[in-house]
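Coordinate inspection notes
These are the residues of each chain, in order.
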Amino acid sequence: LQVKTVNVILALIMCFMFVVSIIDSKEVRYDTNFSQENMLTHIEKLSENGPRSIIDKEANEKALEYIVSQVESWGVTEGDTTEAPAYMIQDYVAIDENGKYQNFYLKNVIVHIPANAENTTDEAVMFMGHFDSVPMGQGASDDGVACATMLEAIRYYLDKMENGYTLTNDLVFCFVNGEEYNLFGSRAFMDEF
C-alpha cells in the first residue's frame with residue numbers, strides 16, 4: 001500500500017512538471033520597452049552600405065554617422081561633460097606596428113550617461129562593441145548586433161530616466177572602430193581613457 005501511494009504521488013508530481021514545462025512561455029512576457037524592432041532597424045541601417053571595413057572608408061564613415069545621428073535624436077549632445085548624457089568622438093591614428101597595414105585615421109564614438117541617483121558610486125559600467133567589419137562581410141552579426149543592442153540600451157535608459165528611473169553607476173558605451181585590424185579602436189580607448 002505504501003509503494004502504491006508513493007507511486008501515485010510521484011505520478012502526480014511528474015504530471016504537474018509536464019504541464020508546467022509545456023506552458024507557452026510567450027504568454028509570460030515582461031514589458032521592458034526594450035525593442036527588438038529597433039535593434040533590427042539598427043542592424044539594417046549599419047549594414048546597408050556594404051562592408052564597414054576600415055579600408056571601405058565611405059561605408060565605415062556612414063556607420064559612424066548613423067550611430068551619432070541616433071544618439072543625438074535622443075537628446076544626447078556632443079561634449080566632454082559628466083553632468084548630462086553626452087557623447088564624444090575620439091579621433092586617433094591607428095599605427096600598425098608590424099608594418100602590414102598603412103596607418104589609418106579612425107574614430108570611436110563614446111557615449112556617457114551619468115548616474116542620477118541620490119547616492120551614486122564612483123564606478124561605471126562599460127559596454128563595448130565595434131562597428132567596423134571584415135572587408136568581405138556586412139558585419140551584421142560581427143559586430144552589428146552588439147552596436148544595435150548598445151544603441152537600444154542607450155535609448156531605453158534615457159527613456160527610463162526621463163520617467164524617474166535612477167542609476168547608481170555611470171554607463172559608458174564605446175562604439176570602437178578598427179577591431180578587425182589589430183583591435184585598433186579598443187587600444188586607442190584604453191590608451192586615452
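Before any of the text, the structure's been laid out above.
Cut-off values and rules
Each chain carries its own residue numbering, running from 1 in the direction its sequence is written. Note on the predicted model: pLDDT of at least 70 is required for a residue's local features to be given, and 80 or more for side-chain atom pairs to be given and counted; whole-chain, interface and lining totals, by contrast, use all residues. No hydrogens and no water enter the side-chain calculation; it runs on all heavy atoms of the structure. Following DSSP output, two strands are said to pair if at least two bridges run between them. Helix numbering and strand numbering both begin at the N terminus, where a helix is a DSSP run of H or I of at least 4 residues and a strand a DSSP run of E of at least 2. Contacts are assigned to residue pairs with any non-hydrogen atoms lying within 4.5 Å of each other. Lines fitted to the C-alpha atoms define the axes, with helices restricted to the stretch that makes contact. Angles between their N-to-C directions range from 0 to 180 degrees. Exposure classes here rest on a 1.4 Å probe applied to the protein chains alone. A residue is buried below 20% of its type maximum, exposed above 50%, and partly exposed in between. Orient the strands so they point away from the viewer; a crossover is then right-handed if the path from the first strand over the helix to the second runs clockwise. One fewer than the residue count of a helix, multiplied by 1.5 Å, yields its expected span.

As for the sheet that holds strand β4 (residues 124–130)
Backbone-to-backbone hydrogen bonds join strands into a sheet, with any given pair of strands oriented parallel or antiparallel. Read from one edge of the open sheet, five strands run β1-β2-β3-β5-β4, paired in mixed fashion. Two strands bound the open sheet, and with one partner strand each, they are β1 (77–78) and β4. Two strands pair when backbone bridges link them, and strand β3 (residues 104–113) and strand β5 (residues 170–176) are joined in this way by five bridges, in the antiparallel orientation. Looking at β5, one finds that His-112 is bridged to Val-172. Packing of helix α3 (residues 57–73) onto the sheet brings it into contact with β2 (86–94), β3 and β5, and relative to β3 it is tilted by some 15°.

A look at the pairing of β5
Taking burial as the measure, the seven residues of β5 include six buried ones, the bulk of the element. The pairing of β4 with β5 spans seven bridges and is classified as parallel. Within β5, the residue paired with Ala-124 across the bridge is Asp-170. A crossover connection joins β4 to the parallel β5 through helix α4 (residues 140–162); in handedness this β-α-β unit is right-handed.

Concerning α4
Taking 1.5 Å per residue, 23 residues should reach 33 Å; α4 reaches 31 Å between its end C-alpha atoms and fits that length. Two residues or fewer after α4 comes Gly-164, characterised by a positive phi angle close to 100°.

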